[in-house]
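The primary structure of each chain is shown beneath.
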There are 4 protein chains.
Amino acid sequence: MSAPKILVLFYTTYGTNHAIAEAAADAAREAGAEVKVVRARETAPQEAIDGQEPWKAQIEKMAHIPEATADDMVWADGYFVSVPTRYGVPASQMRAFIDTLGPIWQEGKLANKTFTATTSAQNVHGGQETTIHSLYTTAMHWGTIIVAPGYADPVKFEDGGNPYGYSAQAGSFDEKGKESVAYQAKRLVEFTKKLTA
Amino acid sequence: MSAPKILVLFYTTYGTNHAIAEAAADAAREAGAEVKVVRARETAPQEAIDGQEPWKAQIEKMAHIPEATADDMVWADGYFVSVPTRYGVPASQMRAFIDTLGPIWQEGKLANKTFTATTSAQNVHGGQETTIHSLYTTAMHWGTIIVAPGYADPVKFEDGGNPYGYSAQAGSFDEKGKESVAYQAKRLVEFTKKLTA
Amino acid sequence: MSAPKILVLFYTTYGTNHAIAEAAADAAREAGAEVKVVRARETAPQEAIDGQEPWKAQIEKMAHIPEATADDMVWADGYFVSVPTRYGVPASQMRAFIDTLGPIWQEGKLANKTFTATTSAQNVHGGQETTIHSLYTTAMHWGTIIVAPGYADPVKFEDGGNPYGYSAQAGSFDEKGKESVAYQAKRLVEFTKKLTA
Amino acid sequence: MSAPKILVLFYTTYGTNHAIAEAAADAAREAGAEVKVVRARETAPQEAIDGQEPWKAQIEKMAHIPEATADDMVWADGYFVSVPTRYGVPASQMRAFIDTLGPIWQEGKLANKTFTATTSAQNVHGGQETTIHSLYTTAMHWGTIIVAPGYADPVKFEDGGNPYGYSAQAGSFDEKGKESVAYQAKRLVEFTKKLTA
């Protein structure tokens, strides 16, 4: 069997979800997957970005990471998605990308793949649960198979315990968080291997 | 008491949610509200729009309707929001607008207003319920008061019965739908009058 | 490879979800699964039941179907759950059963299995979407793999199009519904086979 | 103007949600409401309770608190609900009570009242957000007006920041929590006063 293809798709403003994405990519590779890391295109006006140094710096930091395309979505056997919360739902930049996928969705090219999600928010309970559910709702429309971590590993009782997917407070993605993301990514690879065999 | 100010905020691609918005505005005015109708700015690339005649025609049809601003949000006492479903959540154009509201949200200028929502989808059960809940989740972050219709009026047993807010199949906004939207808009006005008195 | 074990778990008051469960069981067997059909224990007071002839008749009609136990949950490789909506969530009888599963959940005996759900409601949009999501939320806590139908088959554009799982109006489970439930059950079996291979 | 009538409705196993309910009741009284505290009837089998001393002790501790009835629901102008999480949704005991409200719901006697909710869970992110949303979903079916706290007060940036309603980790309802619950209860009273004026 060939290695399962995992697309790590993220959007970030200040870097937390970029760090989660890299941790997920490392773990997925270690678990035997072929991994591609892509980011949702920034859609905010340039003047908004220019007004915030940390945002601008983060965009420069990830200039080498390709912007996600519909072809990336077709290529993958499984998706690991990470996106910050905005008022209880994913940042609109991720939604703008997702809304371009109509044609491949209609051709059934998103179906029967695996899907897992992580997020970050400003507050401890700032919509982390609802944001991940929002992504899973969409993933169900695509006909993907949802691989949430639940409490299927002891790390989930130590990482804040979000059973839908790992969630960080913005700027606080720590070692325990990395361990949790690694678990979630390896779990995705494991089930992707079985489901796409 | 002065008339409550209702902002009817919509996004539409082919016109269903525009029609809902106009029906809501008419009913709200009739119920004694001062009403402003605004639309979320189109964010799709021009070439995507140009490739679809009905989309292009709809944009021309509503060229006179102003694009929503943060000031509109501050102005209003209550919000009537209508937006089509995309994979179980609101279209990203609406989310792009909402994501610009950070500054006024932080100043508390969205709090303690009223909020109600409607939607449309391609299928009978195409995420109408989840789309409206997604908007209410965001509205709760703002500290608004949610005024869903429930089954508080007989029309709700005749209009498809979505208790979270009226929902149409795309292109099928009919007389019963208008009656239901009118009920929902008047209900919003009534509670806005009381809550903002 | 041995046949995957599918537990069809339902609760019903007047019979719609019983009919869905039987249709799912037939389809799962046809797809090569070993199937067990069980029902959540009735918890309503006897006088409430006695006051409604159709409810009482339904209970007599399914007296031969065993009540669900924790052992059934451990036994299964995958779950097909059907339960009516009550105010946008599953009927409390199903929740009462689920709340007894703490011990096996803590031992990890619910994890890594497959899960899919269907429902019914009085109105067209009476909480069908939210009810199924409520079940999936719980299933994620267990660490199960969610196999929603999405629009991965043409029948989903003909059966009302609920991408989270088939949903019927109470008393209106028709031929198209049976086809949709059969698809959803076979899909569950197919992915359960892969996971247990 | 007469005092608004607030029903504080809770279920608890080990006492966290009882403590939240008492704190809410105190604050609501202080804000000028007439308050009644009631609990959802225990539905677990006696042998389950007898096997757990802390559960048994809690039931004895609140023997003087009346069990909630449909009449209580009719009596109230607003509801403050507190219930622990079970797998991302409210404990089934609360659902069992809610499922008895069909007759008064059909008569419209739950409509147009106010509603707010709080919860507790074992983990930091153990379904606190989804549990409260589940209650609001139901409250929307009733046609009630949802008064979530959002971030409409500074305490919400200090109490864990759940904008949908205060949430505690089980057994950790502390002073900051009391402050947050008091805010949420007073907010409910304030808006209920306006609606019943």
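To be clear, the structure that these remarks concern was listed above.
Residue positions within a chain follow its written sequence, with the count starting from 1. Naming scheme: in the order in which they are written, chains are lettered from A and ligands are numbered from 1. Residue-level local features of this predicted model are given only where pLDDT is at least 70; pairs of side-chain atoms are given and counted only at 80 or more, and the full residue set underlies all totals for whole chains, interfaces and linings. With hydrogens and water stripped out, all remaining heavy atoms of the structure feed into the side-chain values.

Participant: So what's going on with the overall build of chain A? Which residues, and what values?
Facilitator: Segments assigned H or I by DSSP are reported as helices when at least four residues long, segments assigned E as strands when at least two residues long, and all are numbered from the N terminus. For chain A, the count of helices and strands is eight helices and seven strands. For chain A, whose C-alpha radius of gyration is 16 Å, the value lies close to the compact-globule estimate of 16 Å for 197 residues. Dimensions of chain A, computed from C-alpha atoms along their principal axes, come out at roughly 50 × 40 × 30 Å. The classification of residues rests on relative accessible area computed with a 1.4 Å probe and restricted to protein chains. Under 20% of the type maximum is buried, over 50% is exposed, and intermediate values are partly exposed. Burial statistics for chain A: of 197 residues in total, 64% are counted as buried. Of the roughly 6700 Å² of accessible surface on chain A, a fraction of 50% belongs to carbon and sulfur atoms. Both definitions apply: the radius of gyration is a C-alpha atom measure, and the globule rule equals 2.2 Å times residues to the power 0.38. Every accessible area reported is derived by Shrake-Rupley at a probe size of 1.4 Å, with residue values counting cover from the shown protein chains alone.

Participant: Explain the relation of the copies chain D and chain B residue by residue, including any values.
Facilitator: Residues below a pLDDT of 70 in either copy are left out; the C-alpha atoms of the rest, at least 70 in both, set the least-squares superposition of the copies. At an RMSD of 0.2 Å, chain D and chain B line up after a rotation of 180 degrees and a shift of 0.1 Å along the axis. Between the two chains, the operation in question is that of a two-fold axis. In terms of C-alpha distance to the rotation axis, chain D has D:Ile146 as its closest residue, with the C-alpha 2.4 Å off the axis. Every residue pair with non-hydrogen atoms within 4.5 Å of one another is taken to be in contact. When you check the interface residues of chain D against chain B, 100% turn up at the interface there too, and the contact is symmetric in its surfaces.

Participant: Can you break down the pairing of strand S5 (residues 114–121) of chain A residue by residue, with the values?
Facilitator: Residues and elements named next belong to chain A. Within S5, eight of the eight residues are buried, which leaves the element mostly enclosed by the surrounding structure. Residue alternation in S5 divides its side chains into two sets, Thr-114, Thr-116, Thr-118 and Ser-120 and Phe-115, Ala-117, Thr-119 and Ala-121, and both sets are buried. By the bridge criterion, seven bridges tie strand S3 (residues 78–86) to S5 in an arrangement that is parallel. Residue pairing across strands places Phe-80 opposite Thr-116, the latter belonging to S5. Here a crossover is taken to be right-handed if, once the strands point away from the viewer, the path from the first strand over the helix to the second is traced clockwise. Taking the sense of rotation as the criterion, the β-α-β connection linking S5, helix H7 (residues 128–141) and strand S6 (residues 145–146) turns out right-handed. Pairing between strands is defined by DSSP: at least two bridges between them are needed. Alignment of S5 against strand S7 (residues 167–169), held across three bridges, turns out to be parallel. Directly across from Ser-120, in S7, lies its bridge partner Ala-168.

Participant: Describe the interface of chain D and chain B, listing the residues and the values that go with them.
Facilitator: Taken together, the 25 residues of chain D in the interface contact 25 residues of chain B. Using a 1.4 Å probe, buried area is obtained as the accessible area two parts lose upon being combined, added over both of them. Summing both sides of the interface, chain D and chain B together bury roughly 2100 Å²; the carbon and sulfur share of this comes to 67%. Whenever a carboxyl oxygen of Asp or Glu lies within 4 Å of a side-chain nitrogen of Lys or Arg, that contact is scored as a salt bridge. Run the count over chain D and chain B and you get zero salt bridges. When contributions to the side of chain D that touches chain B are tallied by element, the ones reaching two or more residues are helix H7 (128–142), strand S6 (145–146) and helix H8 (175–196) of chain D.

Participant: Describe the interface of chain A and chain C, listing the residues and the values that go with them.
Facilitator: Taken together, the contacts link 25 residues of chain A with 25 residues of chain C. Carbon and sulfur atoms make up 68% of the surface buried where chain A meets chain C, a total of about 2100 Å² over both sides. Viewed at the interface, chain C and chain A are joined by zero salt bridges. In protein, a polar contact requires one atom able to donate a hydrogen and another able to accept it; more generally it is a pair of N or O atoms within 3.5 Å, and residues adjacent in sequence count only if both atoms are side-chain atoms. Counting across the interface, chain A meets chain C through eight residue pairs in polar contact (both at pLDDT 80 or more). Elements with a contribution of two residues or more to the side of chain A that touches chain C: H7, S6 and helix H8 (175–195) of chain A. Of the residues forming the side of chain A that touches chain C, the biggest block, five residues, is contributed by H7(A). By the convention adopted, Pro, Cys, Tyr, Trp, Phe, Met, Ile, Leu, Val and Ala count as nonpolar, Lys, Arg, Asp and Glu as charged, and the other residues, Gly among them, as polar. When its residues are assigned to classes, the side of chain A that touches chain C shows 16 nonpolar, seven polar and two charged.

Participant: Help me get a handle on the packing of H8(A) against helix H8 (residues 175–196) of chain C, residues and values and all.
Facilitator: Two numbers describe a pair of packed helices, the interaxial angle and the distance between the axes. Axis definition: a line fit to C-alpha positions, over the contact stretch in the case of helices; interaxial angles, taken between N-to-C directions, run 0 to 180 degrees. Where H8(A) contacts H8(C), the two axes come as close as 8 Å, and the packing angle between them is 110 degrees. By the criterion of interaxial angle, the relationship of H8(A) to H8(C) is roughly perpendicular. For the crossing formed where H8(A) meets H8(C), the hand is right-handed. In contact with A:Phe191, A:Lys194 and A:Leu195 of H8(A), H8(C) contributes C:Phe191, C:Lys194 and C:Leu195. Any angle that falls under 35 degrees is termed roughly parallel, while one over 145 is termed roughly antiparallel, one within 65 to 115 roughly perpendicular, and all others oblique. A crossing counts as left-handed when the near helix is turned anticlockwise from the far one by less than a right angle, and as right-handed when that turn is clockwise.

Participant: A description of the packing of aromatic side chains should follow, citing residues and the corresponding values.
Facilitator: Centre distance within 6.5 Å is the pairing criterion for rings of Phe, Tyr and Trp, where only the six-membered ring of Trp is used; planes under 30 degrees apart are then read as stacked, over 60 as edge-to-face, and the remainder as tilted. Under the criterion given, the structure shown has 40 aromatic pairs over all chains. Here the aromatic rings of A:Tyr87 and B:Trp142 are separated by 5.9 Å at their centres, their planes lie at 85 degrees, and the arrangement is edge-to-face. One end of the pair, A:Tyr87, is in the loop between S3 and strand S4 (89–90); the other, B:Trp142, is in the loop between helix H7 (128–141) and strand S6 (145–146), on a second chain. By relative accessible area, which is 9% here, A:Tyr87 ends up buried. Joined through ring pairs, the aromatic side chains of A:Tyr79, A:Trp105, A:Phe115, A:Tyr136, A:Trp142, B:Tyr87, C:Tyr151 and C:Phe157 make up one cluster. Only when the NZ of Lys or the CZ of Arg is both within 6 Å of the ring centre and within 35 degrees of the ring normal is a charge said to sit over the ring. For the cation-ring pair, A:Lys194 lies above A:Phe191, with the distance from its terminal atom to the ring centre recorded as 5.8 Å.

Participant: Please provide a residue-by-residue account of the relation of the copies chain A and chain C, values included.
Facilitator: Superposition of the two copies of the chain requires a rotation about an axis and a shift along the axis. In the superposition of chain A on chain C (RMSD 0.2 Å, axial shift 0.1 Å), the rotation amounts to 180 degrees. Most of the interface of chain A is mirrored in chain C: 100% of its interface residues are interface residues there too.

Participant: Let's hear about the side chain of B:Asp159: which residues, and what values?
Facilitator: All names here are of chain B. Relative to the elements of secondary structure, Asp-159 occurs in the loop between S6 and strand S7 (167–169). Accessibility expressed as a relative area gives 10% for Asp-159, which makes it buried. Apart from residues no more than four positions distant in its own chain, Asp-159 is found in contact with Tyr-166, Lys-176 and Ser-180.

Participant: How would you sum up the environment of D:Asp174? Please name residues and give values.
Facilitator: All names here are of chain D. Residue position: Asp-174 is located in the loop between strand S7 (167–169) and H8. Residue classification places Asp-174 among the partly exposed residues on the basis of a relative accessible area of 41%. It is 40 Å that separates the C-alpha atoms of Asp-174 and Glu-107, two residues lying 67 residues apart in sequence.

Participant: I'd like a description of the pairing of strand S5 (residues 114–121) of chain C, backed by residues and values.
Facilitator: Sheet analysis places S5(C) next to strand S6 (residues 145–146) of chain C, joined by two bridges and oriented parallel. Within S6(C), the position partnered with C:Phe115 by the bridge is C:Ile146.

Participant: Kindly report on the environment of B:Ser120, identifying the contributing residues and their values.
Facilitator: All names here are of chain B. Within the element layout of this structure, Ser-120 appears in strand S5 (residues 114–121). According to the relative accessible area criterion, Ser-120 is buried, its value standing at 3%. Taking C-alpha positions, Ser-120 is 4.5 Å from Ala-168, a pair spaced 48 residues apart along the chain. In this structure, Ser-120 is in contact with Thr-16, Asn-17, Val-83, Pro-84, Thr-85, Ala-168 and Ala-170, ignoring residues within four places of it in sequence. At a separation of 2.8 Å, a polar atom in the side chain of Ser-120 contacts the side chain of Asn-17.

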